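Spelled out from the first residue to the last, the chains are:
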Amino acid sequence: MVWAFYYPWYRLPDWSSSVLRDRPQTRYAANDIQAISRHIEQAQSAGIDGFISSWWGPGDYTDQNLRLLLNLAAERNFSVTIYFETLIESGALPQAEITRWLSYAIRTYRDHPAWIKVNGKPVIVLWASGAAPLEMWQSVFADLRAQGLEAVFLGMGYDQANLAVFDGIHEYGIFTIPDLAAVLASTGRATRYYSLLEEAGAAKIWAATVQPGYDDRLIPEREGLLQERQNGDFYRSSFEAAIASQPDWIFITTWNEWWEHTYIEPSELYGDLYLQITREYASEWKEK
């Protein structure tokens, strides 16, 4: 499957922000049913199978919009899971809050037909899982299992130590990795063979990430990092590295993170160039 990180937090005034160098061809609020439907259809046309939707906890605006996304996805045979936002301004969420949020997410959404499952368990992708120690995550998962709330959790970071705790691993931003092809290849091998070498039981999920570019120079208090898009060539090179690593899934960073300029959603500057590139590589990979 090909997945794209999806951000359901936009409101119409956001598109007038001075931190944006580009904007979507059609401006929208994230709770606009027509916009969500358009996003799903555009993504499917490019070979994307699902959205990993940023999620900030029970009752949040992103939670309200998740319900809309799930229902519209179910009508279109499209898959959804959440990107569990581990970090708050002061650091990682407290353990009790993480447990409460995950308990709510699993209880509320695990039976929804659009929510992706592996071996009957709902999948949850964790952003910035490294902000909390692995021992904390082990304790959280044990607490959830005690409540009968089983799930498949993908941790963030290519550190192989993550494989001892999580059911799979991924990364979000890959543009700062010096030799991306080598890192993806070695991490892919380690993930595929982990269950054999460590006698750890179930196979782990290897999700290789691709990215079109990055630019946060206009965001206050940021470092000011830049990865030029190179007319799509950086995106192409990341796809080639990902495919060569023999992933179970490919994650796209992102569908619509406009603040950091990592979007592939059709835009005023680029049109649908990045959907064309996605379609090309998704088709190549799925035909292998």
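### Describing the pattern of salt bridges
Right, so step 1: Applying the stated criterion across every chain yields a total of 11 salt bridges.
Right, so step 2: Note that aspartate 233 is salt-bridged to arginine 236, the shortest N-O span being 2.9 Å. Here aspartate 233 and its partner arginine 236 are both found in helix α6 (residues 233-244), 3 residues apart, which amounts to about one turn of the helix.
Right, so step 3: Given the relative accessible area of 23%, arginine 236 is considered partly exposed.

### Some points on helix α3 (residues 95-109)
Right, so step 1: Between the first and last C-alpha of α3 there are 21 Å, a value that for 15 residues agrees with the 21 Å anticipated at 1.5 Å per step.
Right, so step 2: Listing the buried residues of α3 in full gives Ile98, Thr99, Trp101, Leu102, Ser103, Ala105, Ile106 and Tyr109.
Right, so step 3: Residues of α3 that are buried in the fold lie against β2 (50-55), α2 (61-75), β3 (79-85), β7 (121-127), α4 (134-146) and β8 (152-156).

### Structural notes on the packing of α6 against helix α7 (residues 273-287)
Right, so step 1: Where α6 contacts α7, the axes come no closer than 11 Å and their chain directions differ by 20°. When the interaxial angle is binned, α6 and α7 end up roughly parallel. Crossing angle aside, the handedness with which α6 passes α7 is right-handed. Counted together, Tyr235, Arg236, Phe239, Glu240 and Ile243 of α6 and Leu273, Tyr274, Ile277, Thr278, Tyr281, Glu284 and Trp285 of α7 form the full contact between these two elements.
Right, so step 2: Class assignment for the residues of the contact of α6 with α7 results in 8 nonpolar, 1 polar and 3 charged.

### Details of the side chain of serine 79
Right, so step 1: Within the secondary structure, serine 79 is located in strand β3.
Right, so step 2: Assessed through its relative accessible area of 15%, serine 79 is described here as buried.

### Things to note about the nonpolar core
Right, so step 1: Ranked by size, the top nonpolar core spans 71 residues in total, and within it Trp137 and Phe153 carry the most contacts.
Right, so step 2: Ranked by residues supplied to this core, first place goes to α7 with 7 residues.
Right, so step 3: Non-local contacts of tryptophan 137, meaning those with residues more than four positions away in its chain, are made with Thr86, Ile98, Leu102, Leu126, Ser129, Ala132, Val165 and Phe166.
Right, so step 4: Formed by 29 residues, the second largest nonpolar core is a distinct cluster that contains Ala29, Ala35, Ile205 and Ile219.

### Examining the packing of aromatic side chains
Right, so step 1: Taken as a whole and assessed by the stated rule, the structure comprises 34 aromatic pairs.
Right, so step 2: A ring pair is formed by phenylalanine 51 and phenylalanine 78, whose centres lie 5.0 Å apart and whose planes are at 80°; its orientation type is edge-to-face. Placement of phenylalanine 51 in strand β2 and of phenylalanine 78 in the loop between α2 and β3 is noted, with a sequence separation of 27 residues between them.
Right, so step 3: With relative accessibility at 2%, the residue phenylalanine 78 sits in the buried group.
Right, so step 4: Ring centres 5.9 Å apart and planes at 70° place the aromatic pair phenylalanine 84 and tryptophan 101 in the edge-to-face group. With a gap of 17 residues between them, phenylalanine 84 in strand β3 and tryptophan 101 in helix α3 connect regions that are remote in the sequence. Side by side, phenylalanine 84 and tryptophan 101 carry an identical accessibility label, which is buried.
Right, so step 5: Here the guanidinium or amino end of arginine 192 rests over the ring plane of tyrosine 193, the centre of that ring lying 5.9 Å away.

### Thoughts on the pairing of strand β10 (residues 205-210)
Right, so step 1: The element β10 is largely enclosed, with a buried count of 6 among its 6 residues.
Right, so step 2: Residues Ile205, Ala207 and Thr209 point to one face of β10 and Trp206, Ala208 and Val210 to the other, with burial holding for every one of them.
Right, so step 3: Looking at chain direction, strand β9 (residues 168-170) and β10 are connected through 2 bridges and run parallel. Across the sheet, glycine 168 pairs through a bridge with isoleucine 205, a residue of β10.

### What about a nonpolar patch on the surface?
Right, so step 1: On the surface, Tyr193, Leu196 and Leu197 cluster together to form a nonpolar patch covering roughly 380 Å² of accessible area.
Right, so step 2: With a relative accessible area of 43%, tyrosine 193 lands in the partly exposed category.

### A few points about the layout of surface pockets
Right, so step 1: Looking at the largest pocket, its volume works out to about 520 Å³.
Right, so step 2: As for the largest pocket, its lining consists of 16 residues, of which Trp9, Trp127, Arg222, Glu257 and Glu260 are closest to the centre.
Right, so step 3: The residue makeup of the lining of the largest pocket, split by class, is 10 nonpolar, 1 polar and 5 charged.
Right, so step 4: Contributing elements (two or more residues each) for the lining of the second largest pocket: α4 and β8.
Right, so step 5: In terms of residue count, α4 provides more of the lining of the second largest pocket than any other element does, 4 residues in total.
Right, so step 6: For the lining of the second largest pocket, the residue count by class is 12 nonpolar, 3 polar and 5 charged.

Reading guide: rules and limits
Residues numbered from 1 in each chain as written. Predicted model: local features only at pLDDT ≥ 70, side-chain atom pairs only at ≥ 80, totals over all residues. Heavy atoms only, no water. Salt bridge = Lys/Arg side-chain N within 4 Å of Asp/Glu carboxyl O. Helix = DSSP H or I, 4+ residues; strand = E, 2+ residues; numbered from the N terminus. Buried < 20%, exposed > 50% of the residue type's maximum accessible area, 1.4 Å probe, protein only. Expected span 1.5 Å × (residues − 1). Contact = heavy atoms within 4.5 Å. Axes fitted to C-alpha atoms, helices over the stretch in contact; angles between N-to-C directions. Parallel < 35°, antiparallel > 145°, perpendicular 65-115°, else oblique. Left-handed = near helix turned anticlockwise from the far one by under 90°. Nonpolar A, V, L, I, M, F, W, Y, C, P; charged D, E, K, R; others polar. Core = buried A, V, L, I, M, F, W, Y, C linked by side-chain atoms within 4.5 Å. Phe/Tyr/Trp six-rings, centres within 6.5 Å; stacked < 30°, edge-to-face > 60°. Lys NZ or Arg CZ within 6 Å of the ring centre and 35° of its normal. Pairing = 2+ DSSP bridges. Patch = residues over 30% accessible without salt bridge, like charges linked within 9 Å, V, L, I, M, F, W, Y side chains within 5 Å. Areas by Shrake-Rupley, 256 points an atom, 1.4 Å probe, with all protein chains shown as cover. 1 Å grid on protein atoms, 1.4 Å probe; cavity = no way out; pocket = protein on both sides within 12 Å on 5 of 7 lines; lining within 4 Å. Points joined across faces, edges and corners; volume = space filled by probe spheres on them.

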